[in-house]
Amino acid sequence: MPERFYLDPYQRQLETTVVRHDDAGLVLADTLCYPLGGGQPGDTATLSLADGSTLAISDTRRNRETREILHITAAAAPRLAAGSPVTLTLDWARRHRHMRVHTGLHLLSVVIKAGVTGGNLTAEGGRLDFDLPEGMELDKDEIEAGLNALVAQDLAVSIQMTSGEALKARPELIKTMSVTPPLDLPEIRLLEIEGVDLQPCGGTHVRSTGEIGRLLVKKIESKGARNKRVVIALAD
């Protein structure tokens with residue numbers, strides 16, 4: 001069953017219960033919070049308890065071995081008993097900016113036709129590192145114009161599912177050179193931007209490119225003989 005932040009990345013509040021709360025973190029029966037991964041930060045949120053008190057969630061991580069989603073609370077925060085009812089309220093303003101930036105980085109990989117060697121994002125902006133073919137030059141103004149032309153087209157953004165085996169047969173869809181999707185999985189998420197892009201991605205995204213808003217190219221940096229880092233930001 002897909003996790004709730006994949007089923008509806010726009011859902012902001014959820015009533016759920018505590019499964020476990022210990023030094024490793026807080027595990028809930030269900031969650032809206034996206035865990036750190038794929039260059040996208042873990043979500044922050046607020047838990048409202050039955051007695052009216054609240055507890056801050058400062059980060060969200062995934063246990064690599066158990067795959068449990070861990071909600072990080074302050075070390076001094078009271079431990080919640082298993083079965084306690086709680087209301088989880090996502091820090092939506094921050095998450096939505098992550099969604100806008102993440103989708104904007106997909107557009108960046110459309111505008112710059114080169115292999116991607118790394119990337120990261122925050123609520124303000126993000127960056128991709130590109131392995132440029134010999135002789136290829138990057139122009140800041142041209143890239144920015146290309147990005148905002150795609151934003152202005154308000155292209156639909158949607159998710160497709162495929163299998164690892166099917167993806168092996170279409171290696172051209174894998175743009176990231178440094179990290180390969182787990183091709184042993186029976187299901188892998190593909191992000192499609194209507195008519196311009198289709199690639200594996202485990203992040204959260206907006207419904208259409210128009211929702212991203214205007215993008216700025218802040219700088220282009222050399223990170224080696226062929227490696228160029230392009231940093232973008234939301235204009236608002």
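Here is what the cut-offs are and how they apply
- Residues numbered from 1 in each chain as written.
- Predicted model: local features only at pLDDT ≥ 70, side-chain atom pairs only at ≥ 80, totals over all residues.
- Heavy atoms only, no water.
- Pairing = 2+ DSSP bridges.
- Helix = DSSP H or I, 4+ residues; strand = E, 2+ residues; numbered from the N terminus.
- Axes fitted to C-alpha atoms, helices over the stretch in contact; angles between N-to-C directions.
- Contact = heavy atoms within 4.5 Å.
- Domains from an automatic or database assignment.
- Buried area = accessible area lost by both parts, 1.4 Å probe.
- Salt bridge = Lys/Arg side-chain N within 4 Å of Asp/Glu carboxyl O.
- Polar contact = N/O pair within 3.5 Å; in protein donor to acceptor, adjacent residues only side chain to side chain.
- Nonpolar A, V, L, I, M, F, W, Y, C, P; charged D, E, K, R; others polar.

Asks: Where do I start with the sheet that holds strand β10 (residues 157-162) in this structure?
Replies: Within a sheet, adjacent strands bond to each other through the backbone by hydrogen bonds, running parallel or antiparallel. In spatial order, the strands read β10-β11-β12; together these three strands make up an open sheet with antiparallel pairing. With one partner strand each, in any of the chains shown, β10 and β12 (197-200) form the two edges of the open sheet. Across this sheet, the average inter-strand angle for adjacent strands is 25 degrees, counted without regard to direction. In terms of strand pairing, strand β11 (residues 188-193) meets β12 through four bridges, oriented antiparallel. Each bridged residue has a counterpart across the sheet, and for E192 the counterpart in β12 is L198. Sheet contacts for helix α2 (residues 92-111): β10, β11 and β12; angle to β12, the most-contacted strand, approximately 115 degrees.

Asks: Mind showing me how you'd approach the domain arrangement of the protein chain here?
Replies: The figure often quoted for interface size is the accessible area lost as the parts come together. Here the protein chain is described as being made up of domain 1 (4-90) and domain 2 (95-234). Of note, the centres of domain 1 and domain 2, computed from C-alpha atoms alone, are 28 Å apart. With 13 residues of domain 1 in contact, the opposing surface of domain 2 contributes 17 residues. Here domain 1 packs against domain 2, burying approximately 1200 Å² in sum over the two surfaces, 49% of which is carbon and sulfur. Viewed at the interface, domain 2 and domain 1 are joined by one salt bridge. At the junction of domain 1 with domain 2, the criterion picks out ten residue pairs in polar contact (both at pLDDT 80 or more). Here the side of domain 1 that touches domain 2 is built from residues that sort into nine nonpolar, three polar and one charged.

Asks: Honestly, the pattern of salt bridges in this entry has me stumped. Any pointers?
Replies: If charged atoms from side chains of opposite charge come close, those side chains can pair. On inspection of all chains with the given rule, the structure shows 13 salt bridges. Across the pair D23 and R79 runs a salt bridge whose closest N-O atoms are separated by 2.8 Å. With D23 in the loop between β1 (13-22) and β2 (25-28) and R79 in the loop between β6 (69-72) and β7 (85-90), this pair connects stretches of sequence that are 56 residues apart. The closest approach of N and O atoms between E144 and R214, which form a salt bridge, is 3.3 Å.

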